[in-house]
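Residue-level listing of the chains:
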Amino acid sequence: MILTSWDRSGWDPFSEMRRLQSEMNRLFDDSAPSHSFPAVNLWQGRDSVAVTAELPGLSSEDIQLSVTEDTLTIAGERRAAADGEHVSWYRRERPEGRFSRTIELPFRVDPNKVEARFTNGVLEIEMHRPEADLPRRIEIRTS
Amino acid sequence: MAQELSRTQSRGLTNGEGAQPARSGRVYRPDTDIYEDSDHIVLVIDMPGVASGDVDVTLERRVLTIRGRVHASRPDTYRSIYTEYGEGDFERAFTLSEDIDEGKIEASHKDGVLTLRLPRAERARTRKIEVKAA
């Protein structure tokens, strides 16, 4: 009976909680980049763009890279340092599990001209602009 | 057990802000997993960008200090256009409990991850006592 009277009065004891929760979500959304895995930096060269990503503990075989015209996707899985029943954890800060991240590139790149290197847990992907997109120098003829 | 001693800046979207200035840049607190199995305490420490030769582990009066040096090698032709993580050295310290056999700590480093295996001293391990049937 009490429940139905709440319905009629329109008072929802959970509305405040939902409002707070959505505010919290918004707060976290604002800082989303720091929670995305892996963390990336972007670098621009004369006719190329480089993406570096921190992926400690992984090697090239653990990662799938795919490049479309203007996006780069880094996907893979980072396994837990240990598992099993005989293990007790004191601290677990290192991110683990499957991940996939798509990064928008500042310009179109040639998917056939991609170089990737992996050194000490840092992945470096270098992509080049398609030949056709390169700025061309136009000669001015003097008559 | 290994207990954290001091804290340096956590990583993330920092642009280096708030991190402690050091040698030539910043010092970050590396993400660390600590777990215990049957006879070891294991520390797994993320140090992306640090080569094996640039990791330094010291133990002094039960304080285990881990340092890693990053050599940022960005060609001059590249300029930064977007930054989510700062490049800098890593440092973190832990205090070890008395039951760790300090002489037998093993360290290994691979793909930017440092793993330290700290064996528990023989006497500290739980001993199984067999009950004999009378």
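Residues numbered from 1 in each chain as written. Chains lettered and ligands numbered in written order. Predicted model: local features only at pLDDT ≥ 70, side-chain atom pairs only at ≥ 80, totals over all residues. Heavy atoms only, no water.

Undergrad: When you look at the overall build of chain B in this model, what are you seeing that I'm missing?
TA: The helix and strand inventory of chain B stands at 0 helices and 12 strands. Counting only residues that meet the buried cut, chain B has 42% of its 134 residues in that class. Restricting the contact set of chain B to residue pairs at least 6 apart, pairs at least 24 apart contribute 58%. Looking at chain B as shown, the accessible area adds up to about 7,600 Å², and 46% of this sits on carbon and sulfur atoms. (Helix = DSSP H or I, 4+ residues; strand = E, 2+ residues; numbered from the N terminus. Buried < 20%, exposed > 50% of the residue type's maximum accessible area, 1.4 Å probe, protein only. Contact = heavy atoms within 4.5 Å. Areas by Shrake-Rupley, 256 points an atom, 1.4 Å probe, with all protein chains shown as cover.)

Undergrad: Looking at this model, I keep getting lost on the interface of chain B and chain A. Mind explaining?
TA: Many structure descriptions define interface size as the accessible area lost when the parts assemble. Contacts between chain B and chain A engage 38 residues on the former and 41 residues on the latter. With both chains or domains summed, chain B and chain A bury close to 3,400 Å², and 52% of this area falls on carbon and sulfur atoms. Here chain B and chain A share 6 salt bridges between them. B:Arg29 is the partner of A:Glu93 in a salt bridge, and the nearest nitrogen-oxygen pair spans 4.0 Å. Taken together, the links from chain B to chain A amount to 22 residue pairs in polar contact (both at pLDDT 80 or more). Secondary-structure elements contributing two or more residues to the side of chain B that touches chain A are strand E5 (32–36), strand E6 (40–46), strand E7 (50–60) and strand E9 (79–83) of chain B. Two elements, strand E1 (residues 40–44) of chain A and E9(B), share 4 bridges in a ladder whose sense is antiparallel. Across the sheet, A:Trp43 pairs through a bridge with B:Ser80, a residue of E9(B). (Buried area = accessible area lost by both parts, 1.4 Å probe. Salt bridge = Lys/Arg side-chain N within 4 Å of Asp/Glu carboxyl O. Polar contact = N/O pair within 3.5 Å; in protein donor to acceptor, adjacent residues only side chain to side chain. Pairing = 2+ DSSP bridges.)

Undergrad: When you look at the pairing of E6(B) in this model, what are you seeing that I'm missing?
TA: Residues in a regular strand point their side chains to alternate faces of the sheet. All names here are of chain B. Burial runs high along E6: 7 of the 7 residues are buried. Burial along E6 is two-sided: His40, Val42, Val44 and Asp46 and Ile41, Leu43 and Ile45, pointing in opposite directions, are all buried. Taken together, the 5 bridges between E5 and E6 define a ladder with antiparallel strand orientation. Across the sheet, the residue bridging to Glu36 is Ile41, located in E6. Taken together, E5 and the strand that follows it, E6, pair antiparallel across an intervening segment of 3 residues. Across 7 bridges, the pairing between E6 and strand E12 (residues 113–119) is antiparallel. Following the sheet pairing, Ile45 is matched in E12 by Leu114.

Undergrad: What exactly am I supposed to notice about unusual backbone geometry here?
TA: Geometrically, the link from A:Phe37 to A:Pro38 is a cis peptide bond, its omega value of -5° lying close to zero. The topology assignment puts A:Pro38 in the loop between helix H3 (32–35) and E1. Even without glycine at this site, A:Asn120 takes up a positive phi of about 50°. On the secondary structure map, A:Asn120 appears in the loop between strand E7 (114–119) and strand E8 (122–128). Taking the relative accessible area as the measure of exposure, A:Asn120 reaches 24% and is therefore partly exposed. At B:Arg61, a residue that is not glycine, the phi angle is positive and equals roughly 45°.

Undergrad: Any chance you could explain the sheet that holds strand E4 (residues 71–78) of chain A here in plain terms?
TA: Pairing between the strands of a sheet is mediated by backbone hydrogen bonds and can be parallel or antiparallel. Residue and element names in this part refer to chain A. Strand order in the open sheet formed by 3 strands is E3-E4-E6, and the pairing between neighbours is antiparallel. Two strands in the sheet have a free side with no partner beyond their single neighbour: strand E3 (63–67) and strand E6 (97–104). The sheet shows a mean angle of 10° between the axes of neighbouring strands, direction not considered. Pairing of E4 with E6 involves 8 bridges; the strand directions are antiparallel. Considered in E6, the bridge of Ile74 is made with Arg101. (Axes fitted to C-alpha atoms, helices over the stretch in contact; angles between N-to-C directions.)

Undergrad: What am I meant to see in the packing of aromatic side chains here?
TA: Geometrically, a pair of aromatic rings is defined through the distance of the ring centres and the angle of the planes. One pass over the structure, following the stated rule, counts 2 aromatic pairs over all chains. Between the aromatic rings of A:Phe37 and A:Phe99, the centroid separation amounts to 5.1 Å while the plane-to-plane angle is 80°, which identifies the pairing as edge-to-face. In this pair, A:Phe37 sits in the loop between H3 and E1 while A:Phe99 sits in strand E6, placing the two residues 62 residues apart along the sequence. Taking relative accessible area as the criterion, A:Phe37 reaches 22% and is therefore assigned partly exposed. The interplanar angle of 50° and the centroid separation of 5.1 Å between the aromatic rings of A:Trp89 and B:Tyr35 together place this pair among those described as tilted. Of this pair, A:Trp89 sits in strand E5 (residues 88–92) while B:Tyr35 sits in strand E5, each in a different chain. What makes A:Trp89 partly exposed here is its relative accessible area of 25%. Sitting above the plane of the A:Trp89 ring, A:Arg92 keeps its charged end 3.8 Å from the centroid. For A:Arg129, the ring lying beneath its charged end belongs to A:Phe107, and the centroid distance is 4.4 Å. (Phe/Tyr/Trp six-rings, centres within 6.5 Å; stacked < 30°, edge-to-face > 60°. Lys NZ or Arg CZ within 6 Å of the ring centre and 35° of its normal.)

Undergrad: Quick question: what am I supposed to make of the nonpolar core here?
TA: Side chains of a nonpolar character, in soluble globular proteins, are inclined to be buried together. Counting 19 residues, the largest nonpolar core has A:Val51, A:Leu55, A:Leu72, A:Ile74 and A:Met127 as the members making the most contacts within it. Put simply, the parts of the chain that give this core at least two residues each are E1, strand E2 (48–54), E3, E4, E6 and E8 of chain A. Once you skip the residues sitting within four places of it in the chain, A:Leu72 turns out to touch A:Val51, A:Leu65, A:Ser66, A:Val67, A:Arg101, A:Thr102, A:Ile103, A:Leu105, A:Ile125 and A:Met127. Among the nonpolar cores identified, the runner-up in size contains 18 residues, and B:Ile41, B:Ile45, B:Phe90 and B:Phe94 belong to it. (Core = buried A, V, L, I, M, F, W, Y, C linked by side-chain atoms within 4.5 Å.)

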